[in-house]
Amino acid sequence: MQIVTKVAEMQDVCRKLRLNGRMLGFVPTMGALHAGHISLVRRARAECDVISASIFVNPLQFAPGEDLARYPRTFEEDCRLLEAENVDVLFAPDAAEMYPQGAVTTVSVAGVGDRLDGASRPGHFTGVATVVAKLFHVVSPQRAYFGQKDAAQLAVLRQMVRDLNFHVELVGCAIVRDPDGLALSSRNKYLSSMERARALTLHRALRQIEHMIASGERRTAQLIAGGMEILKTADEVRVDYLSIVNANTLLPVTSAEAGTLVAVAAYIGTTRLIDNLLVA
Ligand code: PAF
């Protein structure tokens, strides 16, 4: 696997990878890779001729006081994992390469970018959209792979791709969970064993809502109340939101229909976790 740290070299390497009509798949990450990321790489490997990944802990998507400094960084282990999946090229720039002095342009996705995590973390999705737009310009992939766990991020990026005419197909990939149901996240590394047990409440709340829907309840007010009952049972779980929304606009809906997004975010101690389900 080739490791590239400079924008100009990455553009050149990716241009060569795309020669002869080869399909280039791309998996952008912030590193601290887990089985969820690897599932994206495997899907890209299965669907594309050549694949690229990136590791960049993007300062622009962290607000002051958030966990940028302590975000897990496991670069060598990440490289081993990507190499084992036959990734062709890894882009691993530093912040000065991505945001050279004097860079002032950002990409803001109005509306959808201000909902769910965008409401709780103002500016977060501007940081995400800006870095992903830049990465798309550097890599020019035909397909890019994102986890469905970050459902709001996916909605924001789909809107951005439509609005700015990016020639790339976004592929949302299923959430990968530990056997007990906890959605994999790089931030799970922050949890003590007690907190990890508490974090399972997010998945339990979603399962409760799924069960209520399977039993015929579609009214979202009732479903949210049912999920909140479960979330309230855990100590030290501070709910940020439990929302039932249109998966594209992230606007609340009154009835949970097929494709509706049920999304939850909560703080377990100081760690903010998210999880969701799409109504079947
Ligand atoms: O989902 C992530 O890991 C990040 O938000 C992304 C898409 C790599 C942008 O920094």
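Calculation notes
- Residues numbered from 1 in each chain as written.
- Predicted model: local features only at pLDDT ≥ 70, side-chain atom pairs only at ≥ 80, totals over all residues.
- Heavy atoms only, no water.
- Pairing = 2+ DSSP bridges.
- Helix = DSSP H or I, 4+ residues; strand = E, 2+ residues; numbered from the N terminus.
- Axes fitted to C-alpha atoms, helices over the stretch in contact; angles between N-to-C directions.
- Contact = heavy atoms within 4.5 Å.
- Near = heavy atom within 4 Å.
- Polar contact = N/O pair within 3.5 Å; in protein donor to acceptor, adjacent residues only side chain to side chain.
- Areas by Shrake-Rupley, 256 points an atom, 1.4 Å probe, with all protein chains shown as cover.
- Nonpolar A, V, L, I, M, F, W, Y, C, P; charged D, E, K, R; others polar.
- Phe/Tyr/Trp six-rings, centres within 6.5 Å; stacked < 30°, edge-to-face > 60°.
- Buried < 20%, exposed > 50% of the residue type's maximum accessible area, 1.4 Å probe, protein only.
- Lys NZ or Arg CZ within 6 Å of the ring centre and 35° of its normal.

Caption draft 1: Here's a closer look at the sheet that holds strand E1 (residues 2-4). On the basis of which strands lie adjacent, the open sheet formed by six strands has the order E1-E4-E3-E2-E5-E6 and parallel pairing. Strands at the two margins of the open sheet, each flanked by one partner only, are E1 and strand E6 (169-173). This sheet shows a mean twist of 25 degrees between the axes of neighbouring strands, independent of strand direction. The strands touched by helix H2 (residues 35-47) within the sheet are strand E2 (24-29), strand E3 (50-55), strand E5 (143-147) and E6, with E5 carrying the most contacts at an inclination of about 155 degrees. Each of E2, E3, strand E4 (89-91), E5 and E6 is contacted by helix H6 (residues 124-139), which is oriented at about 145 degrees to E2, the strand it contacts most.

Caption draft 2: Up close: the site of the ligand. Taken together, the residues surrounding the ligand are Pro28, Thr29, Met30, Asn58, Gln61, Val131, Val132, Phe146 and Gln153. Interatomic distance of 2.6 Å between a side-chain N/O atom of Gln61 and an oxygen atom of the ligand. The side chain of Gln153 places a nitrogen or oxygen atom 2.7 Å from an oxygen atom of the ligand. A total of 290 Å² of accessible area belongs to the ligand in isolation, and the protein chains cover 88% of it. Secondary structure elements with two or more residues in the shell around the ligand: E2 and H6. Residue composition of the shell around the ligand, grouped by class: five nonpolar, four polar and no charged.

Caption draft 3: Representation of the packing of aromatic side chains within the structure. Here the structure, examined in full by the defined rule, presents five aromatic pairs. Seen in terms of ring centroids, Phe56 and Tyr99 are 6.1 Å apart; in terms of plane orientation they differ by 50 degrees. Their pairing is tilted. Of the two residues, Phe56 sits in the loop between E3 and helix H3 (75-84) while Tyr99 sits in the loop between helix H4 (95-98) and helix H5 (117-120), which places them 43 residues apart along the sequence. Relative to Tyr71, the ring of Phe62 has its centre 5.8 Å away and its plane inclined at 75 degrees; by these criteria the two rings are edge-to-face. Among the residues examined, Tyr71 registers a relative accessible area of 7% and is labelled buried. Over the ring of Tyr190 we find Arg70, and its NZ or CZ is 3.9 Å from the ring centre.

Caption draft 4: View of the side chain of Asp275. The residue Asp275 is located in strand E9 (residues 271-278) in this model. Classification of Asp275 by relative accessible area gives buried; the value is 4%. Among the polar contacts listed, one links the side chain of Asp275 to the side chain of Arg177, at a separation of 2.9 Å. If we skip the residues at most four places from it in the chain, Asp275 touches Ile175, Arg177, Ala183, Leu202, His203, Leu206, Val262, Ala263 and Val264.

Caption draft 5: Region of interest: the environment of His37. Here His37 is to be found in helix H2. The buried category is assigned to His37, whose relative accessible area is 13%. Sequence-wise, His37 and Phe91 are 54 residues apart; in three dimensions their C-alpha atoms are separated by 15 Å. Filtering out sequence-adjacent residues up to four positions away, His37 remains in contact with Thr29, Gly31, Ala32 and Ser186.

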